[in-house]
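Below, each chain spelled out in residue letters.
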Amino acid sequence: MSAVFSRDEVLSAAAALGFSGAGVVPAEPSAHLDAYFDWLAQDYHAGLYYMDRPDRTLRRRDLQAVLPGAQSIISVALDYRAEFPPDLLVDPSRGRIAAYAWGLDYHAVIRDRLRALAAALKKMRHKAVVYVDFGALLERSHGERAGLGFVGKNTLLIHPRRGSLFFLAEIVTTAAFDAYDAPLQPSLSCGRCTRCLTACPTDAFPHPFVLDANRCISYHTIENPGWIPRSLRAKFGNWVFGCDVCQDVCPWNRFAPVSRDSAFPSPPKHRAAPYVRDLLTLTDEVYRAWYDGSAVSQVGRARLVRNACIAAGNSGDTSLIPLVRSLTANSDPFVRGHAGWALWLLGGVDALRGLFQRESDDGVLAELGTLVG
Ligand code: B12
Ligand code: SF4
Ligand code: SF4
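Residues numbered from 1 in each chain as written. Chains lettered and ligands numbered in written order. Predicted model: local features only at pLDDT ≥ 70, side-chain atom pairs only at ≥ 80, totals over all residues. Heavy atoms only, no water.

**Topic: the pattern of salt bridges**
- Counting across every chain of the model gives 14 salt bridges.
- Here Arg 59 makes a salt bridge to Asp 55, at a shortest N to O gap of 3.2 Å. Here Arg 59 pairs with Asp 55, and both are found in helix α3 (residues 54-61), just 4 residues apart, close to one helical turn.
- A salt bridge links Arg 94 to Asp 91; its shortest N-O distance comes to 3.8 Å.
- A relative accessible area of 5% places Arg 94 in the buried class.
- Of the residues examined, Asp 91 reaches a relative accessible area of 23% and is grouped as partly exposed.
- Each member of the salt-bridge network shares a partner with another, and the members are Arg 7, Asp 8 and Asp 181. (Salt bridge = Lys/Arg side-chain N within 4 Å of Asp/Glu carboxyl O. Helix = DSSP H or I, 4+ residues; strand = E, 2+ residues; numbered from the N terminus. Buried < 20%, exposed > 50% of the residue type's maximum accessible area, 1.4 Å probe, protein only.)

**Some points on the nonpolar core**
- In terms of nonpolar packing, the biggest core is built from 84 residues, with Tyr 100, Ile 110, Phe 241, Leu 280, Leu 304 and Val 324 touching the most fellow members.
- In this structure, this core is formed jointly by two domains, domain 1 (4-90 + 100-177) and domain 2 (195-246 + 268-372), each of which donates at least three residues.
- If we ignore the near neighbours within four places in the chain, the residues touching Val 324 are Leu 280, Ala 312, Ala 339, Ala 342, Leu 343 and Leu 346. (Core = buried A, V, L, I, M, F, W, Y, C linked by side-chain atoms within 4.5 Å. Domains from an automatic or database assignment. Contact = heavy atoms within 4.5 Å.)

**Looking at unusual backbone geometry**
- Positive phi outside glycine occurs at Ala 46, with the angle close to 50°.
- Here Ala 46 is to be found in the loop between α2 (33-41) and α3.
- According to the relative accessible area criterion, Ala 46 is buried, its value standing at 15%.
- At Arg 125, a residue that is not glycine, the phi angle is positive and equals roughly 65°.
- Relative to the helices and strands, Arg 125 is located in the loop between α6 (106-123) and β5 (128-131).
- Overall, Arg 125 belongs to the exposed group, its relative accessible area being 66%.

Below, the structure written as structure tokens:
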């Protein structure tokens, strides 16, 4: 077994695989573990129960639980910014999809490339585990240690020349390296800027550097499988999958380069800003044709239609009333309930007449009951 690997060689190999940044650090726990445990203690993880599972908290605390004998972490970044007409994104007749989901699903794209990198380590009989997003690893914290950026007040990892529109992923390995990377200079930071904190539509930052997922549009549109809190819905605007507001306002993203990676091309309109009308009538076939292979395919059609009901309500477009009304007979109770809310917003209490008689789901009845007061 080769004792020590060359840092420069592994970084060149990462660049050859298309990664826009890479760094190597010793396999030590995050210096901000306390911030993670405070976050859990405040229930800021909302319904992301996997964040609090004992086996997961153990792995975040102790990298030896991830891989016995772990010596190093290779952190990589992949830019995903693509060009798209900005006026279409803010058109209320269109739903808005977060930019990270416009291209191919990054989990698959990155996993395949990192496996190629890990194969070189395995060839030398080292162990190597590939992590992309889902793993029990504080990716931003390790990325920060590896010099891939600094943590902004919006909690994103920001690179001074590339902004924050990049994904992170890692290889944890038993291999040791001849040199290790260091964090960026401490002078690179948010300074006095607070734009993201004030721009967040739902006030999801209780403090700088801390996000409460219970209030985050990204959490609710992607991860929440059920009822979206009524008090937040009107603040969602036209977001139907994820949210980019705290990145769009960040001055560092003026420097975010357009990705040259074939996995993240300029998207067709339905990938970034589909008409709300089209989402309200989305069939399984069209859903598959439009979103197969993208991160949007992970949430399922019903959740996207539920989110489109909120965007329909927020659009103020009364021509959508017939489509929203027909969704109050949908087979999915969450679609029916959120369609009821949109109908109430667009047509008032009178528009809800007749819905109670044919409804049998307790959750939907409770939702409608609250709307009529
Ligand atoms: C859970 C999760 C979410 C949750 C919660 C987000 C959150 N802020 O915690 C939700 C669903 C809301 C979410 C949303 C998004 N996510 Co997300 N998410 C994750 C996931 C799976 C875990 C994050 C986590 O551990 N949170 C717990 C908190 C406590 O940890 P943390 O925010 O990472 O912060 C650590 C923390 C603990 O170590 O302390 C740090 N720290 C460092 N310096 C300092 C300084 C101070 C003062 C403090 C207090 C803390 C601190 C350090 O940065 C990661 C992937 C992963 N495995 O890491 C992706 C990840 C963070 N998400 C990502 C993305 C792209 C997004 C979205 C942009 C998607 C979208 N457009 O809708 C939004 C952005 C919202 C936002 N402002 O963060 C990327 C971020 C890339 C980047 N450049 O930062 C990641 C890394 C996925 C990936 N593999 O690329 N996400
Ligand atoms: S993703 Fe949107 S809702 Fe979530 S913290 Fe950022 S601006 Fe707020
Ligand atoms: S908007 Fe300002 S405060 Fe927020 S992350 Fe960017 S630089 Fe930091």
